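Below, each chain spelled out in residue letters.
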Amino acid sequence: MKNGLITLEYVNTVIKRRNRNIHKGDCGRILLIAGSLGMAGAAVLCGRGALRSGAGLVQIAALEEIFPIIQVGVPEATCVSRESLNLDKPRYDAIGAGPGLGEESKNGNLIRKILQNYEGTFVLDADGLNQIALNHMQSDLRKSLCKVIITPHTGEAARLLGIDIAEAKAMDRGELSSCLVEKTNAVVVLKGEGTIVATPEGNSYTNTTGNPGMATGGAGDVLTGIITSLSGQGLLPEDAAKAGVYLHGLAGDLGAHHFGEFGLIAGDIAEMTALAIKKTLG
C-alpha cells in the first residue's frame, strides 16, 4: 500500500514529449457521452478538455438536437447520436460518460451496456455516477470488463454509498475514498480541496495543484475530458487519474494567475490545459 502526493516529478514520468512521426490515430480515439437539452455546454467543456490534453480524435455522443451547439463550441470533435452509437470494441481507446448527461433511464441502460461489453478504460462522472446510484448498479461496476475511473464530489460519493450527505461530509476524505473503492472496485478520484486518487490496490495519493477559483460550474466536465483523453493515449487508469487531476489543477492555477480566482471559469481551465502540459514538459 502506498500513500503520497501527486507532484510534477511524478507527472513527468508519464507525460512525455511525442515522437515526430505520430498521427492523430496514435493519440487516442475517445468517446464522450455527454450533454442534454439545457446542458450542451457540459459536452463542449468535456470535449475541449479532452482535445487540449492531447486526444487525437474525439467523438461526442449526444442528442441530435444539440449537435449544432457542440459543433460550434468544439468544432474539432465529431458528433454521433446516442441512439445509433456503435460500441465495437476496437473503435474507442477510452470512453467518458456523465457531464450534462441528464437522468433519463435510457442513459442508465447505455452505461450498463458499456460496463458489460467494453474492455477499455471507462471514466464516469456527474450524471453517469447518478445513474449508477439511481439504478443500484454498483455491482455492475465491480463486475465490469472495463477499467473504471469514477470522479465524484462529496455529494455524488454519498449517493454511491447510500448514505446521507452530512455523513459523507463528516467523514475523513481518505476514509470516504476508501469506502468508494471498496463499493465499486474502481480507481476513485474524490474531488475537492486536495483531490484524492485511491486505487483498488489500496494506494492513495493527494493532488498538489488547484485553487478555490476552480469551484465553478463545468470544472468537473473539463476534468472528465482530460482523464479520458490521457486514458485514450495509453496511460494506465491510475496514471491517467493522477496525471489528470494534476494537470487540471495546474491549468486552474495558470488561469487564476491570469484572470484571478474570482473570475475563473471552466472554459479558462480547458484552454489552459494545453499550457499546463507545456509547462509540465519544460
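Novice: Describe the sheet that holds strand β2 (residues 29–33), with residues and values.
Specialist: Strand order across the open sheet formed by 10 strands is β1-β10-β9-β8-β7-β6-β5-β2-β3-β4, with mixed pairing between neighbours. What marks the edges here is a single partner per strand, and that holds for β1 (3–6) and β4 (78–81). Here the strands of the sheet are splayed against their neighbours by 20° on average, with no regard to which way each runs. Against the sheet, helix α4 (residues 105–117) makes contact with β2, β5 (94–97), β6 (121–124) and β7 (147–150), and its axis sits at roughly 150° relative to β6, the strand it touches most. Across the sheet, helix α9 (residues 173–184) is in contact with β7, β8 (187–190) and β9 (196–198); its angle to β8 comes to roughly 145°.

Novice: With reference to specific residues and values, describe the packing of aromatic side chains.
Specialist: Tallying each qualifying case throughout the model produces zero aromatic pairs. Between Lys242 and the ring centre of Tyr10, over which it is positioned, the NZ or CZ distance is 4.1 Å. In this arrangement the basic side chain of Lys242 is found over the ring face of Tyr205, its NZ or CZ atom lying 3.6 Å from the centre.

Novice: Describe in detail α4, supporting the description with residues and values.
Specialist: When the terminal C-alpha atoms of α4 are compared, their 19 Å separation across 13 residues agrees well with the 18 Å that a helix rising 1.5 Å per residue should span. Within the sequence span of α4, burial applies to Asn107, Gly108, Leu110, Ile111, Ile114 and Leu115. Projected onto a plane normal to the axis of α4, the buried residues spread over an arc of 160° and lie on a single side. On its buried face, α4 is in contact with β2, β5, β6, α5 (126–134), α6 (138–143) and β7.

Novice: So what's going on with the environment of Ile95? Residues and values would help.
Specialist: Relative to the elements of secondary structure, Ile95 occurs in strand β5. Along the primary structure Ile95 and Arg142 are separated by 47 residues, whereas in three dimensions their C-alpha atoms are 17 Å apart. Those residues in contact with Ile95, other than ones at most four positions away along the chain, are Leu31, Ile33, Leu87, Ile114, Tyr118, Thr121, Phe122, Val123 and Thr228.

How each quantity is defined
- Residues numbered from 1 in each chain as written.
- Predicted model: local features only at pLDDT ≥ 70, side-chain atom pairs only at ≥ 80, totals over all residues.
- Heavy atoms only, no water.
- Pairing = 2+ DSSP bridges.
- Helix = DSSP H or I, 4+ residues; strand = E, 2+ residues; numbered from the N terminus.
- Axes fitted to C-alpha atoms, helices over the stretch in contact; angles between N-to-C directions.
- Contact = heavy atoms within 4.5 Å.
- Phe/Tyr/Trp six-rings, centres within 6.5 Å; stacked < 30°, edge-to-face > 60°.
- Lys NZ or Arg CZ within 6 Å of the ring centre and 35° of its normal.
- Expected span 1.5 Å × (residues − 1).
- Buried < 20%, exposed > 50% of the residue type's maximum accessible area, 1.4 Å probe, protein only.
- Arc of directions from axis to C-beta.

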